[in-house]
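The chain contents come next:
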Amino acid sequence: YRKARTPYLRIASFWGVAPISDRPPAPYAPADNFLQLLTKNMRLGHLRCTLVALTLFFSAAGAHAQTKAYVANTSANAVTVIDTATGAVLGSIAVGTAPTRVAITPDGARAYVSNRDSASVSAIDTMTDSVAATIAVGANPGAIAVSPDGVYVYVVLSGGAVQVLDGMLGSIVATIDVPGSFGAIAFSPDGARAYVASGPVSVIDTATRTVVESFYLPEAGDATAVAVSPDGARVYFAVTGNDVVGS
């Protein structure tokens, strides 16, 4: 375990801020570097504003040509589009009720937004910055992630389930029961596994869409965030309660 000053590891997903590239993005920056940024720059007293700044900085390190960032505005029921070069607001996209998280496809063509209070996911066309489709899902969707091949969207529900969406068809193809609620989700680089941090940790086999392992981190609190190293060799979990990051 590594000591950290904050339980929040995967900021872009947690606060509903997602970057977009006009070319397919490179893998995430090394998790060790990310943890250094967190421990050096975060202070709980002004966590929210610091998180936004870190999100854009961290994402820029992982993509070749950042052009826009998509920010979920929960109270406005909208997603704000920001020019990452100038910091200017390019526009606002009306989505469902209480949008909370944003995930981008690897090719940057779509942004998926989980709408907590309307039980839906909005699919945004990033060329036109308009909603291309709205997909009905289970109650209280939160964490959201796109598979590395860009085909499937995984959404964590508060009731203890992960729903798998076919992004192009706009339909639910599977519902996977997991323990806990809310939390975060991340894929291995090859897409073979999805890791869910929802109190306990759940490991999903994406081929069979089943949970192959579920456990609590030893001598730690509830897992609330997750990130996978670029080579897939390590998975990092942030936990609440005792300032620990486990891998």
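What comes next is a walk through the structure. Values in this document were obtained by computation on a predicted structure and should not be read as measured data. (Residues numbered from 1 in each chain as written. Predicted model: local features only at pLDDT ≥ 70, side-chain atom pairs only at ≥ 80, totals over all residues. Heavy atoms only, no water.)

Observations concerning the overall build of the chain
Quick reminder of the rule: Only DSSP runs of H or I covering at least 4 residues are called helices, and only runs of E covering at least 2 are called strands; the numbering of each starts at the N terminus. We call a residue buried when its accessible area falls under 20% of the maximum for its residue type, exposed when it is over 50%, and partly exposed in between, using a 1.4 Å probe and counting protein chains only. In short, Shrake-Rupley with a 1.4 Å probe defines the accessible areas, and a residue's cover is counted only from the protein chains shown.
Counting secondary structure elements, the chain contains three helices and 20 strands. Burial analysis of the chain (247 residues in total) assigns 51% to the buried set. Working note: accessible area of the chain is about 10600 Å², and carbon and sulfur atoms make up 54% of it.

So, the sheet that holds strand β8 (residues 120–125)
Heads up, the rule is: Any two strands with at least two DSSP-identified bridges between them are counted as paired. For helices, the axis comes from a line fit to the C-alpha atoms of the stretch in contact; other axes are also lines fit to C-alpha atoms, and the angle between any two N-to-C directions lies between 0 and 180 degrees.
On the basis of which strands lie adjacent, the open sheet formed by four strands has the order β6-β7-β8-β9 and antiparallel pairing. Two strands lie at the open edges of the sheet, namely β6 (99–104) and β9 (130–136), each paired on one side alone. Each adjacent strand pair in this sheet contributes to an overall mean axis angle of 25 degrees, direction not counted. Pairing of β6 with strand β7 (residues 110–115), which is carried by five bridges, proceeds in the antiparallel orientation. Among the inter-strand pairings, Ile104 is bridged to a residue of β7, identified as Ala111.

Digging into the nonpolar core
What counts here: By nonpolar core we mean a set of buried residues, namely Ala, Val, Leu, Ile, Met, Phe, Trp, Tyr and Cys, connected to one another through side-chain atoms within 4.5 Å.
If you look at the biggest cluster of nonpolar residues, it comprises 14 residues, and the most contacted ones within it are Tyr154, Val162, Ile185 and Ile204. Elements that contribute at least two residues to this core include exactly β10 (141–146), β11 (152–157), β12 (161–166), β13 (171–177), β14 (184–187) and β15 (193–197).

Observations concerning the sheet that holds β13
If you trace the four strands from one edge of the open sheet to the other, you get β10-β11-β12-β13, paired in antiparallel fashion. Edge strands, defined here as strands with exactly one partner in the open sheet, are β10 and β13. For this sheet the average axis-to-axis angle between neighbouring strands, irrespective of direction, equals 25 degrees.

A look at the pairing of strand β4 (residues 78–83)
Along any regular strand the residues' side chains alternate between the sheet's two faces. In terms of burial, β4 is largely enclosed, as five of its six residues are buried. Note that β4 and strand β5 (residues 89–94) share five bridges and pair antiparallel. Its bridge partner being in β5, Val79 is matched across the sheet by Ile93. Counting the residues that bridge the hairpin from β4 to β5 gives five residues, and of these Gly87 lies at a positive phi of roughly 80 degrees.

Digging into the packing of aromatic side chains
Operational definition: By convention, a stacked pair of Phe, Tyr or Trp rings (six-membered ring in the case of Trp) has centres within 6.5 Å and planes under 30 degrees apart, an edge-to-face pair has planes over 60 apart, and any other such pair is tilted. Definition used: whenever NZ (Lys) or CZ (Arg) falls within 6 Å of the ring centre and also within 35 degrees of the ring normal, the charge is taken to sit over that ring.
Under the criterion given, the structure shown has one aromatic pair. On the basis of an interplanar angle of 80 degrees and a centroid distance of 4.9 Å, the ring pair of Tyr154 and Phe187 is categorised as edge-to-face. Within this pair, whereas Tyr154 is found in strand β11, its partner Phe187 is found in strand β14, the two being separated by 33 residues in sequence. Both residues of the pair, Tyr154 and Phe187, belong to the buried class. Above the plane of the ring of Tyr152 lies Arg209, whose end atom (NZ or CZ) is 4.9 Å from the centre.

Section: the environment of Leu217
Mapped onto the fold, Leu217 is located in the loop between β17 (210–215) and β18 (223–228). On a C-alpha basis, the gap between Leu217 and Ala238 in space is 10.0 Å, while along the polypeptide they are 21 residues apart.

Examining the side chain of Lys68
To keep things clear, this is the line we draw: The definition of a polar contact used here is a pair of N or O atoms within 3.5 Å, where within protein one atom must be able to donate a hydrogen and the other to accept one, and adjacent residues in sequence count solely through side-chain atom pairs.
Mapped onto the secondary structure, Lys68 falls in strand β3 (residues 66–73). According to the relative accessible area criterion, Lys68 is buried, its value standing at 14%. There is a polar contact of 3.3 Å between the side chain of Lys68 and the side chain of Tyr70. A polar atom in the side chain of Lys68 sits 2.8 Å from the backbone oxygen of Thr126.

Comments concerning the pattern of salt bridges
We apply this condition: By convention in these notes, a salt bridge is any Lys or Arg side-chain nitrogen within 4 Å of a carboxyl oxygen on Asp or Glu.
Taken as a whole, this structure holds three salt bridges when the rule is applied. Measuring nitrogen to oxygen at the nearest pair gives 3.3 Å for the salt bridge that ties Lys68 to Asp129. Here the residue Lys68 occupies a position in strand β3, and Asp129 occupies one in the loop between β8 and β9, the gap between them amounting to 61 residues. The exposure class assigned to Asp129 is partly exposed, which follows from its relative accessible area of 22%. Close ionic contact of Arg193 with Asp205 constitutes a salt bridge, the shortest N to O distance being 3.5 Å. Of this pair, Arg193 sits in strand β15 while Asp205 sits in strand β16 (residues 201–205), and the two are 12 residues apart along the sequence. Asp205 sits in the buried class, given a relative accessible area of 16%.

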